[in-house]
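Survey of secondary and tertiary structure
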Amino acid sequence: MSAFDGYVRVRGAREHNLKNVSVDLPRNALVVFTGVSGSGKSSLAFGTLYAEAQRRYLESVSPYARRLFHQMPVPEVDAIDGLPPAVALQQQRGTPTTRSSVGSVSTLSNSLRMLYSRAGDYPAGQELLYAESFSPNTPQGACPQCHGLGRVYDATERSMVPDDSLTIRERAVAAWPTAWHGQNLRDILVTLGYDVDVPWRDLPRKTRDWILFTDEQPTVPVYAGLTPAETRRALKRKEAPSYQGTFTGARKYLLQTFAGTESALMKKRVAQYLVSMDCPVCQGRRLRKEALSVTFAGHDITAISRLSLRQLAQLLRPYAEGAPSRRREAQRHPEKAMVTQRIAADLLARLHVLLDLGLGYLHLERGTPTLSPGELQRLRLATQVRSGLFGVVYVLDEPSAGLHPADTEALLRALDRLKASGNSLFVVEHALDVIRHADWLVDVGPRAGQHGGQVLYSGAPEGLANVAESRTADYLFGRVTRPQRVPRAPQGWLQLRGVVLNNLAGLDADFPLGVLTGVSGVSGSGKSSLVSQALVQLLLAQLGQAPVDEAPGTTEELLEQADAGVAHGRIAAGMAQLRRLVQVDQKPIGRTPRSNLATYTGLFDHVRKLFAGTRAAKSRHYDAGRFSFNVAKGRCPHCSGEGFVMVELLFLPSVYAPCPECKGARYNPATLAVRYRERNIAEVLAMTVEAAAEFFHDVPALHHALEVLRAVGLGYLRLGQPATELSGGEAQRIKLATELQRASRGDTLYVLDEPTTGLHPADIDLLLQQLHGLVDAGNTVVVVEHNMQVLADCDWLIDVGPGAGEEGGRIVAQGIPAEVAANRRSKTAPYLRRVLS
């Protein structure tokens, strides 16, 4: 044990499911926390170690400054000794702002603005601009027309009138409001003398333009319920109208409603009729013309920010290294040359870290909402590698998530650099390549939830081989033997032709039907563009199936939906065998704590009916609604069914405390008095899926649904676990379990994007059983995956690449796994061979 520079000593950790854990962890080492999903790894690494390090640091800053931090709860632990300051690099669960970009997260944009300000080529006579004038997020830099977004959002005739064969009476102007308000606008047009009973396309252009785009708002008499002929007679006779109505053009209505409504649903409804286009003033470049007139190496700052990081590094290298071609310029302007060389060298050094992490295909303008959690985490990791800090504990949450094994090697090199600088690394991880690279392993388990929370092993990796109850050891040391599966034969082919999207340029791709297909390739190669976007969009259009309606989002998210890439291409064959598409993605299952596992899956409906059917409930005339925490009659009135109340602490951050009335139970005493098998409704919601499966073992509808949740590795989640606490991988598996509960019709295509995120190899085997079950029922499953355990078990593979960004977007290899493993051009092949051998 003397090889390490001291230890962090944890005594009596009881956070979440940890069972009074005591453990010693070496400093200046790569310590990897392993164990099945839900075993307690994150509770130890983040909930205990990082939370305590943050608490100690925040005690040293002013109460006012503490408000700027997202503070974690104080951990339940007796003592922690030898704990250095900590930096957490977690998977982002929230949606970053649309103004956040690769450049802002990596801070490269700050240096680039300084380069343009101090070393840019200015037009004759233009005065010096400060760095903030080159930022689209400042008043000094932002284009005044689009406020630095680069896009303007407007309505067109096509967007407002999707079907021009309809008449106005048949709601040709789909953008107008529904119900009475829309009828009122149609009645006003009748009064104004417009024909509402001819197809829209047959109306004169002048008429169509006025109805859609006028800013005039005439007020006229309205005769509700009368025909156009009767209205004309009533006007001629000057009869008393039903009321006076004010007209609003369709575009004016949309823009006013979008800007002014407080209703998220109304905002979502009108957003679908808005289209985005490049700002006419800045041509989508986001900045004022003064900033755009300054160039460096012949590029304005927007153009240089749209180069890939790899191209940017090549452009800056001569400036950073003082190449001979730059010497004449240096003699003429020595001060400018020195500034250029200094800033370019700093930029180049930081770009090399990003290139080492396999992110060379990104560009500085790329918005963070379009990045995968793994890409975003690696970006933040790169800034730490260059920070020069030492003596710090970095706590990382699955840094390999979303990474191809080839990219994981680059990640491990970056972690080694942090360690070599004198830092400690505490990493929660499932990837066997990362686990093998550890200096020290902490295996938590043996199972999930209440059956976990113990440290099974803490020590050098090879010692884990002696721990019989460790599921991690089974996979790490090859103790799991899988029967060799014979790949299923395709039952047909879904043929995509001429796909154009992101880095896909006229791609043809054939997906086999009736089998399990894996789509592989390095990070950024175009896998998700092909499957989760192009395949899904083209198939939905063919099926006439609307995309799944997610919860209403923020204004920025709604506008981003309008901006989302539209795939071009066609489906040439294979539609006859498909009736339905199910996309199982990692988007949240809800945006508030009121949405939870039980409500999303429909389990809660069955539970409430059971409680309503008890003798106690019937004698009090309680229906199923009484047992919902969203209904006033059953919930606690003090916290309105939230289970907690917010306490304002002036200069300290607001804290959430259990409701003093219901003690966090969410219900009023009368509701809690009703019991089903000696448990009240709050106690049932507090059960884990595993415990509930045993509790409801003889209730078929509930037992089946709970067994499916357990089968996809979610046995450790509580029934009432708020949606806001769930990771993307957990949300995705809840969606999959919800689908698996339904009776299969055998004509469905299931699309999953990295379903193994956050899963231990043992849980991946459970997930594979469920996916094979879907295929055996006559369905088709397509998974985008990096996990070799999954790819080796597929019937067919499509490998996209060969590289990332502009170096990808092509199909490198396809066939059964053994055929792809033998392909010399595939970057996936060598890792696949290792699993298949």
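Note that the structure is a prediction, hence the values are computed from the model and not measured.

Parameters and conventions
Per chain, residue numbering runs from 1 following the sequence as it is written. It should be noted that, the model being predicted, local features are given only for residues of pLDDT at least 70 and side-chain atom pairs only at 80 or more, the latter also being counted only at that level, while totals for whole chains, interfaces and linings use all residues. Side-chain metrics in this entry use all non-hydrogen atoms of the structure; hydrogen atoms and water are not considered. Numbering of helices and strands starts at the N terminus; helices are DSSP runs of H or I of at least 4 residues and strands are runs of E of at least 2. We compute the radius of gyration from the C-alpha atoms alone; for a globule the expected value is 2.2 Å times N to the 0.38, where N is the number of residues. Think of it in three bands: with a 1.4 Å probe and only protein chains considered, a residue is buried below 20% of the maximum accessible area for its type, exposed above 50%, and partly exposed in between. We call two residues in contact whenever any of their non-hydrogen atoms come within 4.5 Å of each other. For accessible areas, the Shrake-Rupley method is used with a probe of radius 1.4 Å. Any residue's cover is judged against the shown protein chains and nothing else. By the counting scheme adopted, Arg and Lys are positive, Glu and Asp are negative, and His together with the chain ends is not counted. The location of each charge is read from NZ of Lys, CZ of Arg, CG of Asp or CD of Glu. Note that the domain bounds were set by an automatic or database domain assignment. Any two strands with at least two DSSP-identified bridges between them are counted as paired. Angles run from 0 to 180 degrees between N-to-C directions of axes, and those axes are lines fitted to C-alpha atoms, restricted for helices to the stretch in contact. Only one rule defines a salt bridge in this text: a Lys or Arg side-chain nitrogen within 4 Å of an Asp or Glu carboxyl oxygen. Only Phe, Tyr and Trp rings take part, Trp by its six-membered ring, and two of them pair if their centres are within 6.5 Å. Stacked means planes under 30 degrees apart, edge-to-face means over 60, and tilted covers everything else. Here, a charge over a ring is recorded when the distance from Lys NZ or Arg CZ to the ring centre is within 6 Å and its angle to the ring normal is within 35 degrees. To sort the angles, those under 35 degrees are grouped as roughly parallel, those over 145 as roughly antiparallel, those from 65 to 115 as roughly perpendicular, and the leftovers as oblique. Helix crossings get a hand from a simple test, with the near helix turned counterclockwise from the far one by less than a right angle marking a left-handed crossing and a clockwise turn marking a right-handed one. Gly is put with the polar residues, along with every residue not named as nonpolar or charged; the nonpolar set is Ala, Val, Leu, Ile, Met, Phe, Trp, Tyr, Cys and Pro, and the charged set is Asp, Glu, Lys and Arg. Residue count minus one, scaled by 1.5 Å, sets the expected span of a helix. The bend at a residue is defined as the angle formed between two axes, one fitted to the seven residues ending at that residue and one fitted to the seven starting there.

The next point concerns the overall build of the protein. Regarding its fold elements, the protein presents 33 helices and 24 strands. Over its C-alpha atoms the protein spans a radius of gyration of 30 Å, differing by no more than 12% from the 28 Å that the globule rule assigns to 837 residues. Reported as C-alpha extents along the three principal axes, the dimensions of the protein are approximately 105 × 95 × 65 Å. Per-residue burial over the protein gives 52% buried out of 837 residues. Restricting the contact set of the protein to residue pairs at least 6 apart, pairs at least 24 apart contribute 69%. Summing over all exposed atoms, the protein offers an accessible surface of approximately 37,100 Å²; the carbon and sulfur share of this is 52%. On the protein, the mean spot of the 94 positive side-chain charges and the mean spot of the 84 negative ones are 2 Å from each other.

In this section: the domain arrangement of the protein. If you check the domain split of the protein, you get domain 1 (7-94 + 371-477), domain 2 (102-143 + 288-357), domain 3 (154-278), domain 4 (493-588 + 745-836) and domain 5 (597-725). A straight line from the C-alpha centre of domain 2 to that of domain 5 covers 56 Å.

This brings us to the sheet that holds strand 1 (residues 7-13). One open sheet holds the three strands; their spatial order is 2-1-4, and the pairing between them is antiparallel. A strand with exactly one partner marks an edge of an open sheet, and here the two such strands are strand 2 (21-26) and strand 4 (79-81). Here the average twist between neighbouring strands, direction ignored, is 5°.

We now examine the pattern of salt bridges. Side-chain pairs of opposite charge can arise whenever the charged atoms involved come near each other. Within this structure, the stated rule accounts for 45 salt bridges. Here Arg350 and Asp346 are joined by a salt bridge, their closest N and O atoms 3.2 Å apart. Linking Arg350 with Asp346, this pair stays in helix 15 (residues 334-356), spanning four residues, or about one helical turn. Of the residues examined, Asp346 reaches a relative accessible area of 31% and is grouped as partly exposed. Two residues, Arg386 and Asp346, come together in a salt bridge whose shortest N-O distance is 3.5 Å. Pair noted here: Arg386 is in the loop between helix 16 (373-385) and strand 10 (393-397) and Asp346 is in helix 15, with a separation of 40 residues, a long-range link. Each of Arg485, Arg488, Asp776, Asp793 and Asp795 takes part in one network of salt bridges that share partners.

Each aromatic ring pair is summarised here by two numbers: the centre-to-centre distance and the angle between the ring planes. If you walk through the whole model with that rule in mind, you get 18 aromatic pairs. With a centroid separation of 5.9 Å and an interplanar angle of 75°, the aromatic rings of Phe33 and Phe426 are classed as edge-to-face. With Phe33 in strand 3 (residues 30-34) and Phe426 in strand 11 (residues 424-428), the pair connects residues that are 393 residues apart, well separated along the chain. Of the two residues, Phe33 and Phe426, neither departs from the other in class, the shared state being buried. Put simply, the rings of Phe611, Tyr622, Phe627, Tyr676, Phe695 and Phe696 pair up and form one aromatic cluster. When the ring centre of Phe604 is taken as origin, the NZ or CZ atom of Arg608, which lies over that ring, is 5.5 Å away.

Bringing the packing of helix 28 (residues 700-711) against helix 29 (residues 728-741) into the picture now. Their axes nearest at 9 Å, the elements helix 28 and helix 29 cross at an angle of 140°. The orientation of helix 28 with respect to helix 29, classified from their angle, is oblique. Crossing angle aside, the handedness with which helix 28 passes helix 29 is right-handed. Contact with helix 28, carried on its side by His704, Ala705, Val708 and Leu709, involves Ala737, Leu740 and Gln741 of helix 29 and no other residues of that element. Considered class by class, the residues forming the contact of helix 28 with helix 29 number five nonpolar, two polar and no charged.

Take helix 6 (residues 179-191) next. Between its first and last C-alpha atoms helix 6 spans 19 Å; for 13 residues at 1.5 Å apiece the expected length is 18 Å, and the two agree. Here helix 6 has its buried residues at Gly182, Asn184, Leu185, Arg186, Asp187, Ile188, Leu189, Val190 and Thr191. Lining the buried residues of helix 6 we find helix 7 (205-213), strand 7 (219-222), helix 8 (228-236) and strand 8 (243-246). One or two positions beyond helix 6, positive phi appears at Gly193, with a value near 95°.

Glancing now at the sheet that holds strand 14 (residues 493-501). Spatially, the three strands line up as an open sheet ordered 15-14-17, and their pairing is antiparallel. With one partner strand each, in any of the chains shown, strand 15 (504-512) and strand 17 (568-573) form the two edges of the open sheet. Looking at each pair of strands side by side, their axes are set apart by 15° on average, direction ignored. Bridge analysis of strand 14 against strand 15 gives seven bridges, and the strand direction is antiparallel. If you follow Val500 over to strand 15, its bridge partner there is Ala505. Running at roughly 110° to strand 14, helix 20 (residues 527-543) makes contact with strand 14, strand 15 and strand 17 of the sheet.

For helix 20, which comprises 17 residues, the first-to-last C-alpha distance of 22 Å matches the rise-based estimate of 24 Å (1.5 Å per residue) to within 8%. At Ala534, helix 20 shows its largest kink, close to 30°. Among all positions in helix 20, only Lys527, Ser529, Leu530, Val531, Ser532, Ala534, Leu535, Val536, Leu538, Leu539 and Leu540 are buried. Within two residues after helix 20, Gly544 carries a phi angle of roughly 65°, on the positive side.

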